[in-house]
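# Fold and geometry: a report
The primary structure of each chain is shown beneath.
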Amino acid sequence: MILQSKIAELAAASTADIEKILDDAIIKSGKAGCRRAIESLSCPIKAMFADLIGVQASLVDRLTEIGLALSGETRVERLLEMIVDEARVLTKADAGTLYIVDKDSRKLNFSILQNDTMKVRMGGSSGNEISLPPVPLYSAGNKPNKSNVSSYCALTGETVNIADVYEADGFDFTGPRKYDAATGYRSKSMLVLALKNHEQDIIGVLQLLNAVGDNGEIIEFSDNIVDIVGSLASQAAIALTNTQLIQGLKDLLYSVIQSIAAAIDAKSPYTNGHIERVVTLTMMIADKVNLTTEGIYADVEFAEDELEELKLAAWMHDVGKISIPEHVVDKSTKLETIFDRCELVDVRFRLIFETIKNKQLEETIAAMAVGADAEQISKIEMHYAVKMERAEDDRQFILSCNVPKEFMSDERIARVEEIAARTYESGGETFNWLTEDEVKNLCIRKGTLTAEERKVIESHAQITLEMLNRLPFPKRLSRVPEYASGHHEKLDGSGYPKGLTEKELPLQARIMAVADIFEALTAKDRPYKEPMKLAQAIKILGFMVKDRHIDPDVCSLFIESGLYMEYAKRELDPSQFEE
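The sections below set out a description of the structure shown in this document. Worth saying up front: this structure is predicted, and the values here are computed from it rather than measured.

Rules and cut-offs
- Residues numbered from 1 in each chain as written.
- Predicted model: local features only at pLDDT ≥ 70, side-chain atom pairs only at ≥ 80, totals over all residues.
- Heavy atoms only, no water.
- Helix = DSSP H or I, 4+ residues; strand = E, 2+ residues; numbered from the N terminus.
- Buried < 20%, exposed > 50% of the residue type's maximum accessible area, 1.4 Å probe, protein only.
- Contact = heavy atoms within 4.5 Å.
- Areas by Shrake-Rupley, 256 points an atom, 1.4 Å probe, with all protein chains shown as cover.
- Axes fitted to C-alpha atoms, helices over the stretch in contact; angles between N-to-C directions.
- Parallel < 35°, antiparallel > 145°, perpendicular 65-115°, else oblique.
- Left-handed = near helix turned anticlockwise from the far one by under 90°.
- Nonpolar A, V, L, I, M, F, W, Y, C, P; charged D, E, K, R; others polar.
- 1 Å grid on protein atoms, 1.4 Å probe; cavity = no way out; pocket = protein on both sides within 12 Å on 5 of 7 lines; lining within 4 Å.
- Points joined across faces, edges and corners; volume = space filled by probe spheres on them.

A count of helices and strands for the protein gives 20 helices and 10 strands. A burial count over the protein gives 44% of its 579 residues as buried. Nonlocal contacts in the protein, meaning residues at least 24 apart in sequence, comprise 63% of its contacts between residues at least 6 apart. Of the roughly 30,300 Å² that the protein leaves accessible, carbon and sulfur atoms contribute 53%.

Turning our eyes to something else, we now look at the packing of helix α8 (residues 274-291) against helix α20 (residues 563-571). Following both chains from N to C, one finds α8 and α20 inclined at 150°, their axes separated by 11 Å at the closest point. Taken as axis vectors, α8 and α20 run roughly antiparallel relative to one another. Classified by chirality, the crossing of α20 by α8 is right-handed. Residue-level inspection shows R277, T280, L281, M284, I285 and K288 of α8 in contact with α20, the latter providing L563, E566, Y567, R570 and E571. Residues belonging to the contact of α8 with α20 are distributed by class as follows: 5 nonpolar, 1 polar and 5 charged.

Considered as a void within the structure, the second largest pocket measures approximately 850 Å³ in volume. Lining the second largest pocket are 32 residues, and of these Y99, F110, L132, G175 and P176 lie nearest its centre. If you list the elements that add at least two residues to the lining of the second largest pocket, you get β1 (93-102), β2 (107-115), β3 (120-123), β4 (135-136), α5 (149-156), α6 (174-183) and β7 (202-212). No other element matches α6, which puts 5 residues into the lining of the second largest pocket. Considering only residue class, the lining of the second largest pocket consists of 17 nonpolar, 13 polar and 2 charged.

Here it is as structure tokens:
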């Protein structure tokens with residue numbers, strides 16, 4: 001029996017060794033097994049062993065609890081703080097420092113610094129930055145820095161337990177002595193351990209200072225407690241590695257998403273920066289919702305995960321545009337496809353001018369052949385001069401229709417159709433002045449897109465939904481596809497891609513809709529419009545509220561809180577401001 005052999009060891013053991021033997025017995029036999037085995041002992045011995053086992057078992061329980069707590073913490077700053085806190089509680093250390101190994105710079109960076117006597121808490125979630133310089137692992141000549149106890153531990157992985165740093169040999173304690181001289185503190189006992197990950201790489205160093213005894217005096221860290229803190233260091237290293245891996249995956253996800261967003265923006269020189277500005281506006285509104293203590297949003301507060309979910313959705317809201325042809329996304333004039341076809345129309349009008357001149361010349365020659373006088377020749381010239389003037393006026397009109405500055409009224413559309421119906425001859429064939437497709441595009445009443453092109457543009461929301469639904473978002477980010485694809489939905493159900501109604505539309509999508517629209521209205525880099533005045537953009541938001549296209553409460557919060565002006569001062573051109 002394991003425990004029986006341990007009891008035999010205990011009988012011959014010194015007091016200092018008893019706790020180690022009991023530790024091993026508890027680990028191998030468990031608390032219940034230990035308790036059963038000591039029942040055969042005499043009462044005084046039984047009581048002594050039971051007490052010792054109880055103490056050791058409570059430490060094992062505490063380590064288990066700490067391990068669970070560490071593994072459940074996903075915030076790196078808080079995790080690092082917990083490691084030092086728990087190590088100090090277990091060892092009754094007055095102070096503690098945690099260093100993180102920076103492989104690139106080959107240095108130990110201060111991460112957490114605590115000292116109860118000096119009332120110091122720096123790093124982690126304390127909000128107090130550590131200004132101390134990092135500890136170099138190697139000297140200028142690439143020689144390992146083993147004179148500093150923390151760098152020695154980081155380089156060798158060996159645990160260092162020192163009773164009094166003022167009397168220790170082999171290490172340079174100039175730093176602690178200077179600190180003591182400056183603060184009046186007395187650094188004495190020190191325990192330094194390496195934190196190793198699953199690959200046995202040293203990722204950090206835990207340094208504990210001044211173990212406090214029962215009477216308040218500074219004592220040496222006992223060998224028994226060294227083993228316990230070593231167990232904590234192993235758990236801490238695993239938890240830290242996992243947290244770093246999770247953070248690394250999160251950073252990678254954001255990098256990929258931001259790269260995709262940059263690629264989408266880069267497709268068009270006119271929308272470059274749109275996505276980033278929508279992210280900024282979206283998070284400004286969401287943060288304001290969280291700060292609101294009165295009104296409809298008084299009881300609404302986005303949790304940290306919800307804010308991250310919304311931010312990711314904002315970054316990805318236009319990802320579907322990656323499949324939209326650039327000449328549709330960037331269509332700045334009505335006749336634009338891969339190039340602006342107004343150039344072809346202009347060349348055609350020049351050809352029409354030449355045919356008019358040729359007709360004039362033919363008619364003049366024919367008149368002169370039959371003996372026409374100067375007055376008759378002059379009439380021919382006047383007739384064709386009028387035709388040329390009218391054709392030039394028509395050319396200018398058609399070119400003006402190509403630029404979407406003026407609304408296409410019924411009268412303007414009728415004139416385009418009348419011009420298009422005229423014919424000219426070239427190479428023995430007869431052609432209309434304008435093609436059917438040119439007429440269709442020139443008669444777009446507002447903007448530059450035909451109904452078919454608008455559907456192509458609108459399809460980006462559905463494509464966004466389909467693309468994001470294929471990604472394995474974790475549970476806490478599961479609604480990213482829904483929010484990202486919902487920024488074109490409207491309260492009255494006339495939006496896309498799903499035609500959601502007011503009851504079906506989540507607040508996050510409503511916030512993104514206001515952010516996306518305001519950015520698009522005020523953007524100073526759009527090819528199809530001049531930068532809109534800020535006042536006009538606010539009016540349009542008001543019209544959209546009345547039409548039940550955007551959420552009135554989100555819009556009111558955005559305007560009345562002054563968020564719109566805060567953004568405008570940072571992003572808009574001075575010419576867009578009015579008194």
